[in-house]
Amino acid sequence: MHQLSSVLKEICLKDLGIEDPELKESHKGKSLLKHVEECVFFVEKILRHVELDPVLKRLVLALAVVHDVGKASPEWKLSEKRIKHSEVGALLLSKICNKLASYFQLEPKYVYALIYLVWRHHSALKYPQAGLLKKSYYFKRMWSDVKVSLWSVLHGFKREFRSPNECLRLADVMGIFKLADIVSAANIDPSFIIDQYVWSYDPYKRSIGLLKTHALKKTGKFDEEKFSLQSSIAGSPVEHLIVAAPTGWGKSALAVLRIGKLKPMKVFYTLPTITAIKEFYEKLREIFGEGYVGEYFYFADVELLRASEEEYEHLLNLYRYFIPKVTITTIDQVLFTALQVGKYHLRRFNFNNALFILDEFHLLTPQMMAALGWSLKHIQPYYKFKLLFMSATPAGPYVEYLKKICGDRIKEFILEDEYRKLKRHKIETVLDKSVEDFLEEHLDLLNTKLSEGRRLLVIVNTVDRAINVYDLLKESFKNHEVNIIHSRFAYKDRLAKEDAIRGAEILVSTQVAEVSLDISFDMLVTDLAPLPSLIQRFGRVNRYGKRFDEINVWICMKLKSHKPYTRVEVDVTGELLKGKLVEALEKRGERAYIDQVKDYWEYLSVVELIEDYYKKLENILEATYCFYHVSREDYENVLSEKLLGREPNILVVPELYREKIKQLLTKLKGERNYSMRRRLLAQIKRHLAPVPLFLARPPYAEWDEELGSYVVKKERCPYTIEKGFIISREIA
């Protein structure tokens, strides 16, 4: 490290004739030399655990040394920042290519890459073009020098790095370095980060005891036969697995055992919603250790919505980098990273030898499946990550698509015997009634059952209707506790809701109750919805029983709108429900769900949709020519719908919490202790809430520069702790 530090001094003082890095401040209270020493120290440590070619390891170290050389220029001042040090540094270094090759033992092509990465280390990895350089105030001013030296280097970079696979590796170089840069700039203890790349214990042995304890606590018994089956599947030598098992069977336990068997470098556990993760998060922390599990549920990053591509240097960004050993996240974040939307390359190196667990994968859109298919074809061979797909209602076309791509590298387990054992639901379809109509007409019946100690779950398809039903039941059942949960609560309020609903007599919910919530009610009244969603809803009733002989599920078929689903999804389900499902349940138990879901998917032209989206996606990415980079503009204008198949959500600040977050942010800016800063960051995050993209824009929201976030205004969309965001009818 000291040898590399001396290289920086020699470059600055001897080769370039600029200021002494030991005397020039890089960050407040820290010299440039000290910052570089910390970066080099971290890079040397992490490279012991991350697979990278030797020449790329030298490139990462070289980048750690020279990335901020522009700060040693007399033109750059910490107090000003009109001139970008990354641009100054790239221009300076372009004049000493031979020296750089000698210092770091790099071939000319990697010297070109080094200078390119210095230029872009605060920006997205865009392909170098003269027009891009001319947008820069500094480059325009220095254009004669730029044409002579820097443009020649960047032209060499374009000539040498034409292979997408080589560019994947350069993106990883940038990601590893950038993590080091952030660790030093934020004064993070590097040992905390390095610990996330090793297993200091046997995760399989540890998980067995804790899973047994958890099962005994939840159901009062431990099923040795089930555990043996879970462990056998988890230990399969096949690279990728698809597992179909009934709701409540223990798919999450199987996933934990799979982690223990494989011991991957990183684990990404994707859930379809950000609601109701508390219990699952705490369970994983108990199994793998408090410091090894994190969650990242930012959907569409604020970065994607801003006009500038300058780095958003806000400490909240620490949540972006997939630092923990186990990260609970959403498929959106995985795909953004795989496809390198914006600056997501900063964390993709964590995909090396990782395990991805896709829970309830039937809820993925065809667009998401196409993006997954692209990732399996183009980047999985390089990163060698493994996948575990789980669902109680697997989508047949998705399974066949995955088999087509992966061949004998994927294996499907359908636990038919486990389905046949169960007859937990007796269903009645209510043909001419909405949920609101049914509830109003059956208040006496429901009140009687509630008085007997039964618990009622009501699920409707939209947030605004959930709030209306909540108001109806709260007024009608004043002697019973009524709770509501949906996706548009701030994190802290959602956690309080989750605590309350465990023992709630009545719960009103949207689709968030279909997955992730480990709850069991005695009765369900639900909107008509796509069949896979309905079956997931059924799974919240009599969850740990085996049989039930009286009606405990009512499906209300009358809908004013098919939204948020497509009309064909709802219509196909309506046809399948006409007598078939109830009769099949009596004969075959819950194995009938699998059969009915198969019929459901046969009505939908899903395979053709996936293949069409795949071709469009591949054309867009190939047109980027280098790095498979997707710009913010490309994402918003072209890829958003194609990538997700739905409008993404974004985390915002409810106006109710604006001042509270500002107070916390003021404390954060003055706090130097990393542990305290982590606690303050966690408190800030607890006050954020997800909303649809349109609500994060004017006139409903405004950008708050101090907070670095959008604030949803109370006069357009009020927020209450009781009901969350209340979207008026004119907005909805």
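Attention here is on the structure that accompanies the text. Because the structure is a prediction, the values reported are computed rather than measured. (Residues numbered from 1 in each chain as written. Predicted model: local features only at pLDDT ≥ 70, side-chain atom pairs only at ≥ 80, totals over all residues. Heavy atoms only, no water.)

## Digging into the overall build of the protein chain
Helix and strand content of the protein chain: 33 helices and 21 strands. The contacts of the protein chain with a sequence gap of at least 6 include a subset with a gap of at least 24, amounting to 78%. Summed over all atoms, the accessible surface of the protein chain reaches about 28700 Å², with 49% contributed by carbon and sulfur. (Helix = DSSP H or I, 4+ residues; strand = E, 2+ residues; numbered from the N terminus. Contact = heavy atoms within 4.5 Å. Areas by Shrake-Rupley, 256 points an atom, 1.4 Å probe, with all protein chains shown as cover.)

## Some words on the nonpolar core
In terms of nonpolar packing, the biggest core is built from 164 residues, with Ile11, Leu59, Leu100, Phe104, Leu179, Phe351 and Phe538 touching the most fellow members. It is helix H10 (residues 164–185) that provides the largest number of residues to this core, a total of 12 residues. In this structure, leucine 100 is in contact with Ile11, Val66, Leu93, Gln105, Val111, Leu114 and Ile115, ignoring residues within four places of it in sequence. Counting residues in each nonpolar core, the second largest holds 55 residues, with Ala466, Leu693, Ala701 and Val711 among its members. (Core = buried A, V, L, I, M, F, W, Y, C linked by side-chain atoms within 4.5 Å. Buried < 20%, exposed > 50% of the residue type's maximum accessible area, 1.4 Å probe, protein only.)

## What to know about the packing of aromatic side chains
Evaluation of the coordinates by the stated rule reveals 28 aromatic pairs. Plain terms: the ring middles of tyrosine 103 and phenylalanine 104 are 6.4 Å apart, the flat faces sit at 65° to each other, and that makes the pair edge-to-face. Geometrically, the ring pair formed by phenylalanine 694 and tyrosine 700 is edge-to-face, given 6.0 Å between the ring centres and 85° between the ring planes. A relative accessible area of 16% places tyrosine 700 in the buried class. A connected cluster of aromatic rings, assembled from ring pairs, spans Tyr110, Tyr116, Trp119, Tyr138, Phe139, Phe157 and Phe161. Directly above the aromatic system of phenylalanine 161 lies the positively charged group of lysine 109, at a separation of 4.9 Å from the ring centroid. The ring of tyrosine 201 carries arginine 206 above its face, with NZ or CZ at 4.6 Å from the centroid. (Phe/Tyr/Trp six-rings, centres within 6.5 Å; stacked < 30°, edge-to-face > 60°. Lys NZ or Arg CZ within 6 Å of the ring centre and 35° of its normal.)

## Description of helix H23 (residues 443–451)
Taken together, the buried positions of H23 are Leu446, Lys449 and Leu450. For H23, the buried positions fall inside an angular range of 100° around the axis, keeping them on one side. Exposed residues on H23 whose side chains face more than 90 degrees from its buried face are Asp444 and Ser451. Those residues of H23 hidden inside the fold are in contact with helix H22 (435–441), strand S11 (456–459), strand S13 (506–509) and strand S14 (523–527). (Arc of directions from axis to C-beta.)

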